Structure formats: structure tokens, C-alpha cells
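Residues per chain are reported as follows:
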Amino acid sequence: MYPIKRSSPRLELRELAIEDVDAVLAIYGSPEAAEHLSFEPRTREQVGQIVARSLASATAEPRSEYALAVIERDTKQLIGFGRLAMDPHQQLAATFGFALRPDAWGVGYGLETVRLLLGLGFDDLDLHRIWGARSPLNEASAKTMTAAGMVEEGTIRAHIKKAGRWRDSVVHAMLDDEWRALCR
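Rules behind the numbers
- Residues numbered from 1 in each chain as written.
- Predicted model: local features only at pLDDT ≥ 70, side-chain atom pairs only at ≥ 80, totals over all residues.
- Heavy atoms only, no water.
- Buried < 20%, exposed > 50% of the residue type's maximum accessible area, 1.4 Å probe, protein only.
- Helix = DSSP H or I, 4+ residues; strand = E, 2+ residues; numbered from the N terminus.
- Pairing = 2+ DSSP bridges.
- Right-handed = clockwise from strand over helix to strand, strands pointing away.
- Salt bridge = Lys/Arg side-chain N within 4 Å of Asp/Glu carboxyl O.

K.L.:
How do you make sense of the pairing of strand β5 (residues 93–100) when you look at a structure like this?
P.N.:
Consecutive side chains of a regular strand alternate in pointing toward one face of the sheet and then the other. Here β5 lies mainly inside the structure; six of its eight residues are buried. Of the strand pairs in this sheet, strand β4 (residues 77–86) and β5 are connected by seven bridges, and their pairing is antiparallel. Following the sheet pairing, Ala 85 is matched in β5 by Thr 95. Here β4 hands over to β5 after six residues, with Leu 92 in that stretch at a positive phi of 50°. Note: β5 against strand β6 (residues 129–134), three bridges, orientation parallel. Looking at β6, one finds that Ala 94 is bridged to Ile 130. Handedness of the crossover joining β5 and β6 through helix α4 (residues 109–124): right-handed.

This is how it looks when you write it as C-alpha cells:
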């Protein structure tokens, strides 16, 4: 499925473009934004490689990754990054993640982003299960995923190595019937 375009009242998901490197760098290069992500802040070169890989994977057949720009509809600015990746270990399942620029935090954009990604997965891709993992210290992400209807399933111990130390991850997931019940 290409190109992806989904929208909510304030946001839009769209395919990444090569011109998005600097806007994605404002997220992935920010120590504040990367604090709870699974990696250290990225350089411009690294972000350029991520965007280039995302562009290449967007037209792959079959498509297994959806790396998308989160756009604020009023300003047309890229304020976030969302990703769904098919999980090769589970049937009709995907992992997901999202990150927003710090200046876009606290106004409900995270919840809108999660709902857009869940809608893409369940409504457009007909998935059965979508799951994501967060830092145990990321309470904002916990609240966002819970508000979207995702269920906290448990902890993956010593899941991510960051800054030379192992960190746990907390898993949240949703099933297709739970999504459909929310959408009624």
C-alpha cells in the first residue's frame, strides 16, 4: 500500500520525503526527545540514512515497514515520526513506535498519532495485533497508549542497551477486536 495518507482533526500521516531530513533531525537529534527512545540522539547523516531507507522500503513489495511523517495540519509542519513494522515472528502483527518534537508535547498529539497508526494497522492493513514497547520511565507514553485503548502486557527485561546499560521495556498492545469495539 503506497502512498499512505491518514488524517485526524489536527494531524496527518504521510509518506516521508527526502526534504524531511532536517525536520526528523529535530526529533531524533534532540537529547530531550531521544531520552526514552531505544537509541542515542542521531546525527544528520544518520537521520538522512533513516529517511533514505524509509523511502526505499515504502515501495517494496511486499511492504513490511511504514515509516511516516506526522504533520500538523494547520501549519503543515512535520512534528513527529510514526512507524509500523510487520512482526516476522507473529501472524498479522506489527510493532509500532512514535516520537514527537518536544515543543509538540502535552497537547494530545501523541494520542492522535497512536490512533492514526492503529487505524492504519487495523483498518487498512487488516492486522490482528499491534504492539509497542516503551521505557519504564516514560509515563507520558504509558498514559498515551492506555488512553488509546492499548493494554499493558508486561515487561521485557534488559531489552535495550543504551548508553552502555541495559534497560527494560514495557509492552503495550491492542488486538483487532479491541480496536473495532472502540470504533463503534
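Next comes the rest of the write-up.
K.L.:
How should the pairing of strand β2 (residues 11–15) be read in this particular structure?
P.N.:
Of all five residues in β2, four are buried, a share of seventy percent or more. Two strands pair when backbone bridges link them, and strand β1 (residues 5–7) and β2 are joined in this way by three bridges, in the antiparallel orientation. If you follow Ser 7 over to β2, its bridge partner there is Glu 12. In this structure, the hairpin formed by β1 and β2 is closed by a connection of three residues. Bridge analysis of β2 against strand β3 (residues 65–72) gives five bridges, and the strand direction is antiparallel. In the strand pairing of β3, Leu 13 is matched with Val 70.

K.L.:
Is there a simple way to explain the pattern of salt bridges in this structure?
P.N.:
For side chains of opposite charge, pairing can occur when their charged atoms come near one another. Scanning the model with the defined rule gives 13 salt bridges in all. The partner of Glu 112 in a salt bridge is Arg 10, with the nearest N and O atoms 2.5 Å apart. Of this pair, Glu 112 sits in helix α4 while Arg 10 sits in the loop between β1 and β2, and the two are 102 residues apart along the sequence. One salt-bridge network, held together by shared partners, links Arg 6, Asp 123, Asp 124, Asp 126 and Arg 180.

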